[in-house]
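# Structural characterization, general
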Amino acid sequence: MCGIVGYVGGRDAVALILDGLRRLEYRGYDSAGVAVVSGGSLQRRRAAGKLERLAASLADEPLDGDWGIGHTRWATHGQPTEENAHPHQDCTGRIVVVHNGIIENHLELKARLAAAGHRFVTQTDTEVLAHLIESEYEGSLEQAAARALPMVRGVYALVLLHRDEPQTLVAARMGPPLVVGLSDGERFVASDVPALLHHTRDFLFLEDGDVATVRPDRVEVRTLAGATVTRSPQHVAWDAVQAEKGGYRHFMLKEIHEQPRSVRDTLAGRFSLEDGEVLLEELGPAAAGLLEASRIVLLACGTSWHAALVGKFLIEELAGLPAEVDYGSEFRYRTPLVGPGTVVVAISQSGETADTLAAFREAKSRGALPVAICNVRGSMLTREAEGSLLTHAGPEIGVASTKAFTAQLVALALLALHLGRLRGRLSPEKCRAHLSELTRIPHLMEQALHREDAIESLAGSLTRATDYLYLGRGVNYPIALEGALKLKEISYAHAEGYPAGEMKHGPIALVDDTLPVVALCPDGGVYEKMLSNVQEVKARGGRVIAVASSEGGELGALLQGSDDMILTVPSCAELWSPFLTVLPLQMLAYHVALRAGRDVDQPRNLAKSVTVE
Ligand code: F6R
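The structure displayed is predicted, hence computed values, not measured ones.

### Side note on the environment of His198
- Along the chain, the position of His198 falls in the loop between strand E10 (186–190) and strand E11 (202–205).
- With relative accessibility at 41%, the residue His198 sits in the partly exposed group.
- When sequence neighbours within four positions are dropped, the list of residues in contact with His198 reads Arg23, Ala240 and Glu244.
- A distance of 3.1 Å separates a polar atom in the side chain of His198 from a polar atom in the side chain of Glu244.

As structure tokens, then:
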């Protein structure tokens, strides 16, 4: 939600900030703005709509500045208009602020500040920050921030500047992430590492309660109470090329095709085939706690929640341990029965999803052992976990999650196998057999991805469909949910995922010749059952798109209608089939969305990291 970039140094601040914002646009893209200072003059430019509107306005009428801040917005308070776009300023026009998060007591603060004579011109919660800092300002922006921020309730990552404090940014964090990029004679601030990879791979990760004063040659970090704290620079492994489209038309397409690599990387070094063991030393102190686990609770949102559903299946099957799955957003609004003996595994690509984090904290406070599966080292989630299993998908930029999902499946598979060995449910031989099947998966994924042409032409035949039903069973039921989510979020077609056996209890009423029914029928124990469900759809004149291990057999005989189609994926052990069945569904969503002229990487109303409740 919202991307922030700040720069201090001697170069063209507008160009550098715009470039950073472009790389953060996945965080929000409904309006954008910059404020830069040159020779003591502070100038601001904002525009409603995507960043390109701001860029066009700046190309028409350039701004000059060698330090400044910028923002790309995902609106929470106030419409995405130019007036509501960040940076926001105080009454004097000397202080400007960009903010990601929500100020919960903004109405109360606004009333107080307005009564003291401050003039408000926007509907945003952020504007109160500019006026609050103004009211506390006595010559030092850092001290004003330290006095003002304790009065603020809510979450924020923010960057401030004062026109009269040259080459100085003040950055503060309470919740959403904020990093400081370190380069020779210049410093950057950003919401996320990929924004700055072209300039540096050395970062300071700010923590909650930090107030950092950032100048071209140094960064001073203090607590809100004024105590100096040390944040050691960290060198990140991601490189700039990973955050580029690399010749693909969209990030999503590139990321779909990166999956064999990211699955391989997430598996690498984490098992010994020889010993039939999974090696998860990286779980650190949490590793010992796994031995005492009597149950696992998996917490996540969206696509990561679908990975959790697959995880439940794997953990129960391979480790014989009860596993439950909860939405981060629901967990804390009941009385969750977790405590010592429960291992709570939060799954998140970004590691900053507010709902997942809040649920994780709740489980932790009740005595559960907190473990994270996450794609971002140093994220809030990994910092709050006792042990983390990192996925090595690399930066995921497309708003629709793809490679992070399959990498999460790898982490869950390894965790389930590890628990199975720890609990004596799996012998080394059995574990070895599962692992050697798992190591074949990246290669099989490559084969599955070669079948994109068929999917592209299928998408061409679906231009009139407005509703879809996705059906799956067992370990592929979550993949039906995921396929439906992918389609709706990027094509805006309505799609529902359902356990195939439940179809007869209601959704079957939807079936007619206008409703494409996507049925997941890979080889395995529920293949016959899926065949029956496909038959039920055909008997009612429905159109079936099946994902299966072969075009022949009974399924082939059933689906001979000109409108039906079988998308084949290589055959593999049923447990690992989600790695393959999800691929045609991702590609289908992509090509349907492309045909519909949608903005695949930046679908409407969405943002990549949901850092508000
Ligand atoms: C869908 C999608 C979202 C995220 C969800 C959780 O394609 O990307 O549903 O999966 O917002 O995000 P993370 O995994 O970052 O916690």
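### Concerning the site of the ligand
- Ser304, Ser348, Ser350, Thr353 and Glu489 are the nearest of the 13 residues found near the ligand.
- Gln349 has a polar backbone atom sitting 2.7 Å from an oxygen atom of the ligand.
- The separation between an oxygen atom of the ligand and a polar side-chain atom of Lys486 is 2.9 Å.
- Here the ligand loses 90% of its free accessible area of 410 Å² to cover by the protein chains.
- When atom positions are compared with the pocket grids, the ligand is found to occupy the largest pocket.
- Where the shell around the ligand is concerned, the elements lending two or more residues are helix H9 (302–319) and helix H16 (477–491).
- Here the element with the most residues in the shell around the ligand is H9; it accounts for 3 residues.
- The class makeup of the residues in the shell around the ligand is 3 nonpolar, 8 polar and 2 charged.

### With respect to the sheet that holds E10
- The strand order E3-E2-E4-E1-E10-E9-E11-E15 describes an open sheet built from 8 strands, whose pairing is antiparallel. Sheet topology places strand E3 (41–48) and strand E15 (234–235) at the edges, where each strand pairs with a single neighbour.
- Where strand E9 (residues 179–183) and E10 come together, 5 bridges link them in antiparallel fashion. Counterpart to Ser183 in the pairing with E10 is Glu186.
- Across the face of the sheet, helix H1 (residues 13–24) comes into contact with strand E1 (3–8), strand E2 (31–38) and strand E4 (67–73) while running at roughly 155 degrees to E1.

### Things to note about the pattern of salt bridges
- The tally for this structure, following the rule as stated, stands at 34 salt bridges.
- With a closest N to O distance of 3.3 Å, Arg218 and Glu220 form a salt bridge.
- Relative accessible area serves as the criterion here: at 37%, Arg218 is assigned to the partly exposed category.
- For Glu220, a relative accessible area of 26% translates into the label partly exposed.
- A salt bridge links Lys486 to Glu482; the nearest nitrogen and oxygen atoms lie 2.6 Å apart. You can see Lys486 and its partner Glu482 sitting in helix H16, 4 residues apart, about one turn around the helix.
- Its relative accessible area of 0% is what places Glu482 among the buried residues.
- Where salt bridges share partners, they join Glu142, Arg215, Asp217, Arg218, Glu220 and Arg222 into one cluster.

### Structural notes on the domain arrangement of the protein
- You can read the domains of the protein as domain 1 (3–242), domain 2 (243–446) and domain 3 (450–595).
- One C-alpha centre belongs to domain 1, the other to domain 3; they are set 45 Å apart.

### Re the packing of aromatic side chains
- A full pass over the atoms with the stated rule returns 3 aromatic pairs.
- Centroid distance Tyr7 to Phe188: 5.2 Å. Interplanar angle 50 degrees. Geometry classified as tilted. Here Tyr7 is found in strand E1, whereas its partner Phe188 is found in strand E10, with 181 residues between them in sequence.
- Assessed through its relative accessible area of 0%, Tyr7 is described here as buried.
- Relative to Tyr327, the ring of Trp305 has its centre 4.0 Å away and its plane inclined at 10 degrees; by these criteria the two rings are stacked. Taken together, the residues span a long stretch of sequence, with Trp305 in helix H9 and Tyr327 in strand E19 (residues 323–327) at a distance of 22 residues.
- On the basis of relative accessibility, which here comes to 12%, the residue Trp305 falls in the buried class.
- Judged by its relative accessible area of 35%, Tyr327 falls in the partly exposed class.
- The lysine or arginine in question, Lys50, covers the ring of Tyr29, its NZ or CZ lying 5.1 Å from the ring centre.
- Taking NZ or CZ as reference, Arg604 lies 3.9 Å from the ring centre of Tyr492, over its face.

What counts and how
Residues numbered from 1 in each chain as written. Predicted model: local features only at pLDDT ≥ 70, side-chain atom pairs only at ≥ 80, totals over all residues. Heavy atoms only, no water. Helix = DSSP H or I, 4+ residues; strand = E, 2+ residues; numbered from the N terminus. Buried < 20%, exposed > 50% of the residue type's maximum accessible area, 1.4 Å probe, protein only. Contact = heavy atoms within 4.5 Å. Polar contact = N/O pair within 3.5 Å; in protein donor to acceptor, adjacent residues only side chain to side chain. Near = heavy atom within 4 Å. Areas by Shrake-Rupley, 256 points an atom, 1.4 Å probe, with all protein chains shown as cover. 1 Å grid on protein atoms, 1.4 Å probe; cavity = no way out; pocket = protein on both sides within 12 Å on 5 of 7 lines; lining within 4 Å. Sits in = over half its atoms within 2 Å of the grid points. Nonpolar A, V, L, I, M, F, W, Y, C, P; charged D, E, K, R; others polar. Pairing = 2+ DSSP bridges. Axes fitted to C-alpha atoms, helices over the stretch in contact; angles between N-to-C directions. Salt bridge = Lys/Arg side-chain N within 4 Å of Asp/Glu carboxyl O. Domains from an automatic or database assignment. Phe/Tyr/Trp six-rings, centres within 6.5 Å; stacked < 30°, edge-to-face > 60°. Lys NZ or Arg CZ within 6 Å of the ring centre and 35° of its normal.

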